[in-house]
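# A closer look at the structure
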There are 2 protein chains.
Amino acid sequence: MTSAKHPPSSALTSAPAPKPQAAARIQVIDRAAALLDTIARYPEPVSLKILGAETGLHASTAHRILASLIQNGLVERDPAGHYRLGLRLLQLGVRLRGDVDLRAIARPVMETLRDQLGESINLTIREGDEVVYIEKATPNRMIHVQQLIGARAPLHVTAVGKLMIGAGGAEAINAYAERTNLPAYTRNTLTDVAALREVCLRGIHEGYALDDEEAELDVGCIGVLLHDSTGRVAGGLSVSAPIERRQLAWIEDLRRAGQRISEQLG
Amino acid sequence: MTSAKHPPSSALTSAPAPKPQAAARIQVIDRAAALLDTIARYPEPVSLKILGAETGLHASTAHRILASLIQNGLVERDPAGHYRLGLRLLQLGVRLRGDVDLRAIARPVMETLRDQLGESINLTIREGDEVVYIEKATPNRMIHVQQLIGARAPLHVTAVGKLMIGAGGAEAINAYAERTNLPAYTRNTLTDVAALREVCLRGIHEGYALDDEEAELDVGCIGVLLHDSTGRVAGGLSVSAPIERRQLAWIEDLRRAGQRISEQLG
DNA sequence: GGAAAAGATTCCATAATGCGGAAAATTTGC
DNA sequence: GCAAATTTTCCGCATTATGGAATCTTTTCC
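The sections below set out a description of the structure shown in this document. (Residues numbered from 1 in each chain as written. Chains lettered and ligands numbered in written order. Predicted model: local features only at pLDDT ≥ 70, side-chain atom pairs only at ≥ 80, totals over all residues. Heavy atoms only, no water.)

## So, the overall build of chain A
Check the secondary structure of chain A and you find nine helices and eight strands. The buried share among the 266 residues of chain A stands at 53%. Taken as a whole, chain A presents about 12,000 Å² of accessible surface, with 53% of it coming from carbon and sulfur. (Helix = DSSP H or I, 4+ residues; strand = E, 2+ residues; numbered from the N terminus. Buried < 20%, exposed > 50% of the residue type's maximum accessible area, 1.4 Å probe, protein only. Areas by Shrake-Rupley, 256 points an atom, 1.4 Å probe, with all protein chains shown as cover.)

Rendered as structure tokens:
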């Protein structure tokens, strides 16, 4: 049964590498989290063997921790005895942060925009030097851009990300570039600080930004920022499409949708 | 800032009580899970004090475990230092089980049906003696029934739940009644085995079931079952509305929508 | 504005807790 | 049918998490 799959490393959108932080570690919890991440990385239920190998845990140890996770509903087993994520995670996953407001408000606007443009609409927020996709509306057509909720991408390869960097001004852009070294994801990724600064600042000025196959080849985006009533950046709204379908005429629709959401944010 | 809220015990839809199972417990993980559940139970970020009190953990212990959860992205802190769920949970919450298929397939049909009927559409699966809400489509009107994803309800108080019991035949209904004792949630809840059996079996025969304010007063539902290609019950589809708005004419639309989803299930 | 209280955080000696080697049970492959 | 691979249980050991107390920080109230 266990089809010997590669560890499916979806380069861009997958989980960040394990952060070997020094402070405040609890061994069991780190291990449990590693197991959850590993299970999530596989599209199908995973065997104990694989989990042990991937996490470097002794079979016995992994088994014990998984048993406890099962008790708590965070993990389940399929009929074949393989491990998959538990339903309790659904309950937890939908209740986070104050973003529930943002998501609830954005959802209907996003659906309308999706029907208008016929392409995938994404809602993102910034976390550190990454954007996190927290909601999406996908059209009912064969080929469309599929972004996983919870996925991450570095700021400088996405449309809204560039606006988020730009919102901090020139110094913030330089600081970001220095911190991250602007890793390239495709041949179009901006890896030059000067070019990035130029693009970000113009984006802020114009009120929108593009992503021209900078995160993934063949995918193009248009993004705008969302602001709450205090003017703070609350997130970003973007449309993603196969590059040859993308139209700059969408900018106005997107901008209007973004404004509608921003107006409703307390 | 910390408004002294009651532990918001949303009777029906909240998390199940901690199951004191005997086997395979790991203390830290149980405690971590309890902390996550407690945080999820509060609509706003929670202070360490409250978390310690609710979980019965010493402040020092709770603090240490929370620090580790933060390291793993499962928990975050707001500017005031209060705890809320972490974004990593989003990533995990959307990747569970094979239900991704069901959800992906159902989503567009649900949205169409919602627009058609103008009411909330829910997608549920069975887990033990409960239904779990795994997807929803809510209309854009002021008053509509709001069901949280991940929430649970006992089978006998919901429309699809009654069909799920009925699918097992008369013996299954009796067994369910014996196990659970048919607790009442409103004055309309069926607490008599004979009445429940009658309703469930007729539901199976007719291909739909109703919920007449049996889970919550003023809320009425209509439910149908979803079957995969092998004929197994894959889940349930239902429409929920304020009882005075509910129309039996919806049954046909709902049934058709359910069939459309069932047909697409491998 | 200062003192007192409440809450959050760090420290550390202690033993309880989780660890993992190995063996038993179960499943899979040939 | 046996043999190999994998899962599960067991148990002595020391690593790991524990929680009381001390310290630091923030809030409250006079």
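## Examining the protein's contact with DNA strand D
For DNA strand D, the set of nearby residues contains 17 residues, the closest of which are A:Gln27, A:Arg77, B:His58, B:Thr61 and B:Arg64. Within 4 Å of the protein, the atoms of DNA strand D are drawn from sugar and phosphate moieties in a proportion of 73%. Between A:Arg77 and DNA strand D, the recorded distance is 2.8 Å, taken from a side-chain N or O atom to a phosphate oxygen. Note that a phosphate oxygen of DNA strand D is positioned 2.4 Å from one of the side-chain N or O atoms of B:Arg64. Going through the elements one at a time, helix H1 (27–41), helix H2 (48–55) and helix H3 (59–71) of chain A together with helix H1 (27–41) and helix H3 (59–71) of chain B are the ones with two or more residues in the surface near DNA strand D. Residue composition of the surface near DNA strand D, grouped by class: five nonpolar, eight polar and four charged. (Near = heavy atom within 4 Å. Polar contact = N/O pair within 3.5 Å; in protein donor to acceptor, adjacent residues only side chain to side chain. Nonpolar A, V, L, I, M, F, W, Y, C, P; charged D, E, K, R; others polar.)

## A look at the pairing of strand E8 (residues 233–242) of chain B
Residue and element names in this part refer to chain B. Of all ten residues making up E8, nine are buried, and the element is well covered by its neighbours. With nine bridges joining them, strand E7 (residues 219–227) and E8 adopt antiparallel strand pairing. Across the sheet, the residue bridging to cysteine 221 is serine 240, located in E8. Connecting the antiparallel pair E7 and E8 is a turn made up of five residues, with glycine 231 showing a positive phi of about 90°. (Pairing = 2+ DSSP bridges.)

## So, the pattern of salt bridges
Residues and elements named next belong to chain B. Taken as a whole and judged by the stated rule, the model has 41 salt bridges over all chains. The partner of arginine 255 in a salt bridge is glutamate 252, and the shortest N-O contact between them spans 2.6 Å. One end of the pair is arginine 255 and the other is glutamate 252, both in helix H9 (residues 250–264) and three residues apart, which spans about a single turn. With a relative accessible area of 25%, arginine 255 lands in the partly exposed category. (Salt bridge = Lys/Arg side-chain N within 4 Å of Asp/Glu carboxyl O.)

## Side note on the relation of the copies chain B and chain A
Of the transformation placing chain B onto chain A, the axial shift is 0.0 Å and the rotation is 180°, giving an RMSD of 0.1 Å. Such a combination of rotation and displacement between the chain copies is what one expects of a two-fold axis. For chain B, the residue whose C-alpha comes nearest the rotation axis is B:Gly93, separated from it by 2.4 Å. In this assembly, 100% of the residues forming the interface of chain B have copies in chain A that are likewise at the interface, indicating an isologous arrangement. (Least-squares fit on C-alpha atoms with pLDDT ≥ 70 in both. Contact = heavy atoms within 4.5 Å.)

## Brief notes about the interface of chain B and chain A
The accessible area lost on association of the parts is a frequent measure of interface size. Each side of the interface is counted separately: chain B has 57 residues, and chain A has 58 residues. Looking only at chain B, the three residues that lose the most surface to chain A are B:Gln71, B:Leu87 and B:Arg95, adding up to 14% of its buried area. The interface formed by chain B and chain A holds four salt bridges in total. The residue A:Arg114 makes a salt bridge to B:Glu111 at a minimum N-O spacing of 3.0 Å. Linking chain B with chain A are six residue pairs in polar contact (both at pLDDT 80 or more), by the criterion used here. (Buried area = accessible area lost by both parts, 1.4 Å probe.)

## Structural notes on the protein's contact with DNA strand C
Around DNA strand C there are 17 residues in total, and A:Thr61, A:Arg64, B:Gln27, B:Lys49 and B:Arg77 lie nearest to it. For DNA strand C, the backbone portion of the atoms within 4 Å of the protein, that is sugar and phosphate, comes to 74%. Between DNA strand C and the protein, one listed contact pairs a phosphate oxygen with a side-chain N or O atom of B:Lys49 at 2.9 Å. Between DNA strand C and the protein, one listed contact pairs a phosphate oxygen with a side-chain N or O atom of B:Arg77 at 2.8 Å. Contributing elements (two or more residues each) for the surface near DNA strand C: H1 and H3 of chain A together with H1, helix H2 (48–55) and H3 of chain B. Among the residues forming the surface near DNA strand C, the class breakdown is five nonpolar, eight polar and four charged.

## Overview of unusual backbone geometry
Even without being glycine, A:Glu213 reaches a positive phi, approximately 55°. Tracing the backbone shows A:Glu213 in the loop between strand E6 (209–212) and strand E7 (219–227).

## Examining the pairing of strand E4 (residues 130–137) of chain A
Residues and elements named next belong to chain A. The buried fraction of E4 is high, at seven of eight residues. Bridge analysis of strand E3 (residues 120–127) against E4 gives seven bridges, and the strand direction is antiparallel. Bridge assignment links threonine 124 to a residue of E4, and that residue is tyrosine 133. In this antiparallel pair of consecutive strands, E3 and E4, the connection spans two residues, and glycine 128 shows a positive phi of 65°. Two elements, E4 and strand E5 (residues 152–154), share three bridges in a ladder whose sense is antiparallel. For glutamate 130, the partnering residue across the bridge sits in E5 and is proline 154.

## Here's the deal with the sheet that holds E7(B)
All names here are of chain B. Ordered in space as E5-E4-E3-E8-E7-E6, the six strands form an open sheet in which the pairing is antiparallel. The sheet terminates laterally at strand E5 (152–154) and strand E6 (209–212), the two strands that pair on one side only. The mean angle between the axes of side-by-side strands here comes to 30°, regardless of whether they run parallel or antiparallel. The sheet strands contacting helix H6 (residues 159–166) are strand E3 (120–127), strand E4 (130–137), E6, E7 and E8, and the helix crosses E7 at an angle near 40°. Of the strands in this sheet, E7 and E8 are in contact with H9, which crosses E7 at around 30°. (Axes fitted to C-alpha atoms, helices over the stretch in contact; angles between N-to-C directions.)

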